[in-house]
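Residue-level structural notes
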Amino acid sequence: MEAVAKDISVATDAFGGNKIEATNVQVYYGDAHAIKDVSVKISERSVTSFIGPSGCGKSTFLRCINRMNDTIDGCRVDGTITLDNEDIYDKRVDPVQLRARVGMVFQKPNPFPKSIYDNVAYGPRIHGMVRGKDETDELVQSSLKRAGLWEEVKDRLLEPGTGLSGGQQQRLCIARAIATRPEVLLMDEPCSALDPIATAIIEELIDELRENFTICIVTHSMQQAARVSQKTAFFHLGKLIEEGPTEEIFTNPRDKKTQDYITGRIG
Amino acid sequence: MSNTPSDHIVSSYDDEIMQLAASIAEMGGAVETAISDAVDALLKVDHATAREILAADAKIDDMQRDVDDMAVSMIARRQPMAADLRMIIASIHVANDLERVGDMAKTICRRTLQLDGARLSPKFYNGLRHMTDLTLRQLKDAIDVYTSRDITNAIAVCERDAEIDALYVSLFRELLTYMMEDPRNITQCTHLLLAGKSLERAGDHATNIVEAAYYLKTGKNLAVLLDEQRSKG
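Described in the following lines is the structure provided in the data block. (Residues numbered from 1 in each chain as written. Chains lettered and ligands numbered in written order. Predicted model: local features only at pLDDT ≥ 70, side-chain atom pairs only at ≥ 80, totals over all residues. Heavy atoms only, no water.)

Regarding the overall build of chain A
Convention followed: A helix here means a DSSP run of H or I that spans at least four residues, while a strand means a run of E at least two residues long, and both kinds are numbered starting from the N terminus. We call two residues in contact when some of their heavy atoms are within 4.5 Å. Here the accessible surface of atoms and residues is derived via Shrake-Rupley with a 1.4 Å probe, and residues count as covered only by protein chains that are part of the display. In this tally, Lys and Arg are treated as positive and Asp and Glu as negative; His is ignored, and so are the chain termini. Charge placement uses NZ in Lys and CZ in Arg. For Asp and Glu, CG and CD serve respectively.
Per the secondary structure count, chain A includes 11 helices and 10 strands. For chain A, the C-alpha atoms occupy an extent of roughly 55 × 45 × 35 Å along the three principal directions. Restricting the contact set of chain A to residue pairs at least 6 apart, pairs at least 24 apart contribute 68%. For chain A, the computed accessible surface area is about 11,900 Å², with 49% contributed by carbon and sulfur atoms. With 33 positive and 39 negative side-chain charges, chain A shows a separation of 2 Å between the mean positions of the two kinds.

Encoded structure:
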């Protein structure tokens, strides 16, 4: 594995600046060792997908990046994860501030039981990022536009967000996540509850968002990983098995486990 | 890195991969026979056999279409990845090359039909016969490399193509000499020369097949690798 790990850093550097660097990350849920010594670098302004069978640790690892695991009792994270070379697990780091910089979109669209407008305005308001109605209006509009939802909702901003279709709700969640102007966007299977059309719209959106954000996406669809990401990391039984340019991972992976997984030989 | 087909979670996927491989092997056999029979018919100026081979080429074309259909259907339904994807892409390439070799056999048969009933002088066709032996060996080895997925001999087989090319050049000179000796030889020698050219091209397709096998097995391009080796000296 060590030899592979060395190769990985070479491949990663080819993509330019690293936004996130994880080094020897271990995650324990009580006695269960969920993530085993994962080291990976995530390039700035690109999409990195995490793939692997259920229970391989890809979502757990994703949740380490904005300290969502802090909210789980008995969960312990060792090793270091840096965002712009700052340790995000440092005692001085406020997880709430961190999560404003590292936004997250979940598998199931989870809009607040509030209006479409308030769903987007909520984060910027509590972080004190907007003052007055005009500024808030502008941010809500620009966030909804970037999420590709503006045209569909501009005439009913005060209706509840939960009244939208699944795909629209997910785009609302993306608008909500980007409203706080994060640098990193984490997406945990953002399309698994959506139909193919809504999925295509989200994928198109991911492609546009990567100009401004560093995106990490967990997906069970290998075709989706192949379509949307520039780099792919394959997890298996809590370990990072292989990581590299997406095209290489899907046409000529180096590791047999990766090959077996992506060709449908292990599940 | 490549897997045996027999371990997909979905076993019908394995069946399809095996069927695709079997189709290529069958097509390879048909093409080898076509070339061998076509040259025999040419040297004997056997019009009846030449016509049979011409008619049988439609079957080889059908086989290629079947491989293409199977490959397209697998890509659409299975979304193949990595070694499986390379295997399917390689099958499309190899079927195309084999179909082209079938066309070479057809071209040779057309030459045969152009010749009148007179027997050819063995003096004229010894070179061509030797070239046929080499081309057939090359085709057989290429198909073996592909079907066995064993690329140990891949580079050796590719480099042997130079022997066929050299043989074609010497055949050209030899036949030219006969034509200069006696202009009445021109018709026969020209047809033999063009048949030689067809064999030379069949050899090139054999090289392509080995390259496809190499790609299937390693994901790398053998032609690029050989060029790099040559430029390094």
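Structure shown, so let's carry the discussion forward.
A short note on the sheet that holds strand β2 (residues 32–43) of chain A
Stated formally: We call two strands paired when DSSP finds no fewer than two bridges between them.
Spatial ordering of the open sheet is given by β2-β1-β4-β5 (chain A), a layout of four strands whose pairing is antiparallel. In this open sheet, the two edge strands, each paired with only one partner strand, are β2 and β5 (86–87) of chain A.

Re helix α4 (residues 116–126) of chain A
All names here are of chain A. Our working definition: Exposure categories follow from relative accessible area, calculated using a 1.4 Å probe and restricted to protein chains: below 20% of the type maximum is buried, above 50% is exposed, and the middle band is partly exposed.
Ile116, Tyr117, Asn119, Val120, Ala121, Gly123 and Pro124 are the residues of α4 that are buried. Residues of α4 that are buried sit in contact with α5 (132–146), α6 (150–153) and α7 (166–179). Directly after α4, the chain includes glycine 128, whose backbone phi takes a positive value near 65 degrees.

Comments concerning the interface of chain B and chain A
Quoted interface sizes are often the accessible area lost when the parts come together. Filter applied, for reference: The working definition used for a salt bridge is a side-chain nitrogen of Lys or Arg within 4 Å of a carboxyl oxygen of Asp or Glu. Identification of polar contacts relies on pairs of N or O atoms within 3.5 Å, with a donor-acceptor requirement for protein atoms, meaning one able to donate a hydrogen and the other able to accept it, and with residues adjacent in sequence counted only if both atoms are side-chain atoms. Three categories are distinguished: nonpolar for Ala, Val, Leu, Ile, Met, Phe, Trp, Tyr, Cys and Pro, charged for Asp, Glu, Lys and Arg, and polar for the others, with Gly belonging to the last.
Across the boundary between the two partners, chain B contributes 17 residues, which contact 18 residues of chain A. For the pair chain B and chain A, the number of links is two salt bridges. Asp7(B) serves as the salt-bridge partner of Arg265(A), at 2.6 Å between the closest nitrogen and oxygen. The tally of links between chain B and chain A comes to 11 residue pairs in polar contact (both at pLDDT 80 or more). Looking at side-chain class alone, the side of chain B that touches chain A contains seven nonpolar, seven polar and three charged residues.

Details of the state of the cysteines
What counts, and what does not: Cysteine sulfur pairs qualify as disulfides if the two atoms are within 2.5 Å.
Inspection of the entire model under this criterion finds zero disulfides over all chains. Cys64(A) provides the cysteine sulfur closest to Cys56(A), a residue in no disulfide bond, and the two sulfurs are 13 Å apart. Assessed through its relative accessible area of 2%, Cys56(A) is described here as buried. Left unpaired, Cys189(B) is separated from the closest cysteine sulfur, that of Cys109(B), by 20 Å. Given the relative accessible area of 0%, Cys189(B) is considered buried.

Re the environment of Cys75(A)
Within the fold, Cys75(A) resides in strand β4 (residues 75–83). A sequence separation of 41 residues divides Cys75(A) from Ala34(A), and the C-alpha atoms of the two residues are 9.6 Å apart.

Examining the sheet that holds strand β8 (residues 214–218) of chain A
Residue and element names in this part refer to chain A. Operational definition: The axes are straight lines fitted to the C-alpha atoms, using for helices just the contacting stretch, and the angles between their N-to-C directions are given from 0 to 180°.
The six strands are arranged β6-β7-β8-β3-β9-β10 in an open sheet whose pairing can be described as mixed. At either margin of the open sheet sits one strand with a lone partner, and together these are β6 (102–105) and β10 (239–245). Neighbour-to-neighbour, the strand axes of the sheet open up by a mean angle of 20 degrees, direction not taken into account. In the sheet, strand β7 (residues 184–188) pairs with β8 via five bridges, with the strands oriented parallel. Counterpart to leucine 186 in the pairing with β8 is cysteine 216. Along the sheet, α7 makes contact with β6 and β7, crossing β6 at roughly 170 degrees. Sheet strands touched by helix α8 (residues 196–209): β3 (47–51), β7 and β8. Its angle to β8, the strand with the most contacts, is close to 150 degrees.

Describing the environment of Gly103(A)
Residue and element names in this part refer to chain A. By the element assignment, glycine 103 lies in strand β6. For the pair glycine 103 and asparagine 66, spaced 37 residues apart in the sequence, the C-alpha separation amounts to 7.6 Å. For glycine 103, the residues in contact, after removing those within four places along its chain, are Pro182, Val184, Leu185 and Leu186.

Quick word on the packing of helix α6 (residues 186–218) of chain B against helix α7 (residues 222–232) of chain B
All names here are of chain B. Rules: Convention used here: angles under 35 degrees read as roughly parallel, angles over 145 as roughly antiparallel, angles from 65 to 115 as roughly perpendicular, and any remaining angle as oblique.
Here α6 crosses α7 at 100 degrees, and the two axes come no closer than 8 Å. In terms of their interaxial angle, α6 and α7 are classed as roughly perpendicular. Packed against α6, whose contacting residues are Val210, Glu211 and Tyr214, the element α7 presents Leu222, Ala223 and Leu225 at the interface. Taken together, the residues that form the contact of α6 with α7 break down as five nonpolar, no polar and one charged.

Regarding unusual backbone geometry
The phi torsion of most residues other than glycine is negative, and most of the peptide bonds are trans. Located in the positive-phi region is Asp84(A), a residue other than glycine, with phi close to 50 degrees. With respect to the helices and strands, the residue Asp84(A) is situated in the loop between β4 and β5. Positive phi, close to 60 degrees, is recorded for Arg149(B), a residue that is not glycine. Tracing the sequence through the fold places Arg149(B) in the loop between α4 (122–148) and α5 (154–181).

Quick word on helix α1 (residues 11–43) of chain B
Put simply, the rule reads: An expected span of 1.5 Å times one less than the residue number is assigned to each helix.
The first and last C-alpha atoms of α1(B) sit 49 Å apart over 33 residues, in line with the 48 Å expected at 1.5 Å per residue. Phi turns positive one or two residues past the end of α1(B), at Val45(B), with a value near 45 degrees.

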